[in-house]
Amino acid sequence: MTAFLRHRLLWPVVILVALLALNVAFTDNFLHVQMRDGHLYGSLVDILRFGAPLILVALGMTLVIATGGIDLSVGSVVAIGGALACVQISGLADQDSVGGVLSAIGVTLAAALALGAWNGFLVAAVGIQPIIATLILMVAGRGLAQLVTDGQIITVNSVPYKLVGGGYWLTLPFGILVVIALTALTAFLTRRLALGMFIEAVGGNAEAGRLSGIRSRGVLIVAYTFCGLCAGIAGLMISSNVSSADGNNAGLWIELDAILAVVIGGTSLSGGRFSLSGTVLGALIIQTLTTTIYSIGVPPETTLLFKALVVTIVCLLQSPAFRRKAFGWGRRPAPPPQAPEGPPADVAVAEQAREETVRNG
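Bear in mind that the values here come from a model prediction, so they are computed numbers and not experimental data.

Student: Describe in detail the overall build of the protein, supporting the description with residues and values.
Tutor: For the protein, the count of helices and strands is 16 helices and six strands. Burial statistics for the protein: of 361 residues in total, 44% are counted as buried. With the model as given, the accessible surface of the protein reaches about 18,400 Å², and the carbon-plus-sulfur share is 66%.

Laid out in structure tokens, this is it:
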């Protein structure tokens, strides 16, 4: 039972099930999934579809946090990605041109990779602390997104682009399929190849990793570049879903949700070992919590407070020290009684025999 209670994914699963049960109580047919026009519809499908951008950003954030860093600029990269794509598509003579849409997506992903590599360069090569290096792009990125859109909300009417975040393929929302593919790719790169071991080594002890022959600078740049790529794809999804780009509000505070998802999933902010499955669970918890807030009618002005309260409860339940003090779960057994101090048995017998010999003369 103790080993079961200590499993890193137990409490995220428990919280997710509890949130789903709460939605079932407040929403009729919450678990009902139906097929209409060859597409799957339902509240569960909506949670996965709307949570797809957060899952992508959280995946990239997991690798960055595993190196002992953090990336506060992902929200700005989301806004830049959506702005670049929509500006290019809006300038096309035919917005339904597949080639033009693919070109816009390619330019956006290249820009996202460059922004992520820039963060990695500042951290690995220049030596700036991650929170400061990424804070620079967090602030400047919003201005860059506003510059791209000229301070306007750019709207598009492109059927191929709508597929990225709001379309369906093989009965499922296309965004869910993108998340599945990218999660599988990330798991392959980090669990089947040596990249995951390098990331954990750099995050656990960078100096020991360097002495072992690991090029920590290259590992850091790869992690931040991948995080930028994930944020760029999320930006495409968000702007595609609403068919517009808002440089001021797109991806706002998504970096905080991504960090929370990583922490809820069991990855330590100090770096080292990480859990991709835990991160996905954490992102689903946050998205389900958002759905729950709307379902039970929480006033909008208290939404953030309610969300913070639930996240605090989740983090406390994940703490072994808190569980021991509050519930007595996982308490260490009392040590076995120590044998009384004194000479060994054979020495005691020999001493007794000597005393008897002295008494008998």
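From this point, the discussion proceeds with the structure in view.
Student: Give me the lowdown on the packing of helix α3 (residues 43-66) against helix α13 (residues 276-295), citing residues and values where you can.
Tutor: Relative orientation of the contacting elements α3 and α13 amounts to 140 degrees, with a least axis distance of 9 Å. The pairing of α3 with α13 is recorded here as oblique in orientation. In this structure, α3 meets α13 at a crossing whose hand is right-handed. Judged by residue contacts, I47, L48, F50, G51, L54, I55, A58, L59 and T62 of α3 engage L276, T279, V280, A283, L284, I286, Q287, T288 and T291 from α13. Of the residues contributing to the contact of α3 with α13, the split by class is 12 nonpolar, six polar and no charged.

Student: Can you explain the pattern of salt bridges? Please cite residues and give values.
Tutor: Under the criterion given, the structure shown has two salt bridges. Close ionic contact of R49 with D46 constitutes a salt bridge, the shortest N to O distance being 3.6 Å. With R49 and D46 both in helix α3 and three residues apart, this pair spans about one turn of that helix. Judged by its relative accessible area of 17%, R49 is buried.

Student: Could you give an account of the nonpolar core, with specific residues and numbers?
Tutor: V57, M61, Y161 and M237 are the most contacted members of the largest nonpolar core, which totals 83 residues. Looking at which element gives the most residues to this core, the answer is helix α11 (residues 216-242), with 13 residues. When sequence neighbours within four positions are dropped, the list of residues in contact with V57 reads V74, V78, A231, A234, I254 and A258.

Student: Any details on the packing of aromatic side chains? Residues and values, ideally.
Tutor: For the structure on display, the rule yields three aromatic pairs. A centroid spacing of 5.5 Å and a plane angle of 45 degrees characterise the contact between Y41 and Y168, whose relative ring orientation is tilted. You can see Y41 sitting in strand β2 (residues 39-42) and its partner Y168 sitting in strand β4 (residues 168-169), a full 127 residues away along the chain. It is R36 that lies over the ring of Y41; its NZ or CZ is 4.3 Å from the centre. The side chain of R191 reaches across the aromatic face of F274, ending 4.2 Å from its centre.

Student: Account for helix α4 (residues 74-90), naming residues and giving values.
Tutor: Across its 17 residues, α4 extends 24 Å between first and last C-alpha, which sits within 8% of the 24 Å expected from 1.5 Å per residue. Counting buried positions along α4 gives 13 out of 17 residues, so the element sits mostly inside the fold.

Student: Any chance you could break down the environment of L256 for me, citing the residues and the numbers?
Tutor: Considering the arrangement of structural elements, one finds L256 in helix α12 (residues 254-264). The class of L256 is partly exposed, set by a relative accessible area of 43%. Linking L256 and V74, residues 182 residues apart in sequence, is a C-alpha distance of 9.5 Å.

Student: Go over the pairing of β2, please, and point to the residues and values.
Tutor: Inspection of the sheet shows strand β1 (residues 33-36) paired to β2 by four bridges, in the antiparallel sense. In the sheet register, Q34 faces β2, and the bridge partner there is Y41. Count of turn residues in the β1/β2 antiparallel hairpin: two residues, of which D37 carries a positive phi of about 55 degrees.

Criteria and cut-off values
Positions within a chain are numbered from 1, following the residues in the order the chain's sequence is written. In keeping with the predicted nature of the model, local features appear solely for residues at pLDDT of at least 70, side-chain atom pairs appear and are counted solely at 80 or more, and the whole-chain, interface and lining totals rest on all residues. Side-chain measures were taken over the full set of non-hydrogen atoms in the model, leaving aside hydrogen atoms and water. Numbering of helices and strands starts at the N terminus; helices are DSSP runs of H or I of at least 4 residues and strands are runs of E of at least 2. Only protein chains enter the accessibility calculation, which uses a 1.4 Å probe; a residue whose area is less than 20% of its type maximum is buried, one above 50% is exposed, and one in between is partly exposed. Reported accessibility uses the Shrake-Rupley method at a 1.4 Å probe radius. Residues are deemed covered only where the shown protein chains occlude them. Here the axes come from fitting lines to C-alpha atoms, over the contacting stretch only for helices, and the angles between their N-to-C directions go from 0 to 180 degrees. Reported orientations rely on four angle classes, namely roughly parallel under 35 degrees, roughly antiparallel over 145, roughly perpendicular from 65 to 115, and oblique for the rest. The crossing is said to be left-handed when, going from far helix to near helix, the turn is anticlockwise and less than a right angle, and right-handed when the turn is clockwise. Every residue pair with non-hydrogen atoms within 4.5 Å of one another is taken to be in contact. Under the scheme applied here, ten amino acids are nonpolar (Ala, Val, Leu, Ile, Met, Phe, Trp, Tyr, Cys and Pro), four are charged (Asp, Glu, Lys and Arg), and all others, including Gly, are polar. Any carboxyl oxygen of Asp or Glu within 4 Å of a side-chain nitrogen of Lys or Arg constitutes a salt bridge here. Take the buried residues of types Ala, Val, Leu, Ile, Met, Phe, Trp, Tyr and Cys, join any two whose side-chain atoms come within 4.5 Å, and each joined set is a nonpolar core. What counts as a ring pair is set by centres within 6.5 Å for rings of Phe, Tyr and Trp (its six-membered ring), and what kind of pair is set by the plane angle: stacked under 30 degrees, edge-to-face over 60, tilted for all other angles. Note on criteria: charge over ring means Lys NZ or Arg CZ within 6 Å of the ring centre, with the direction from the centre no more than 35 degrees off the ring normal. What a helix should span is 1.5 Å times the count of its residues minus one. Being paired, for any two strands, means DSSP has found at least two bridges between them.

Treat this as a map of the structure, not an account of what it does.
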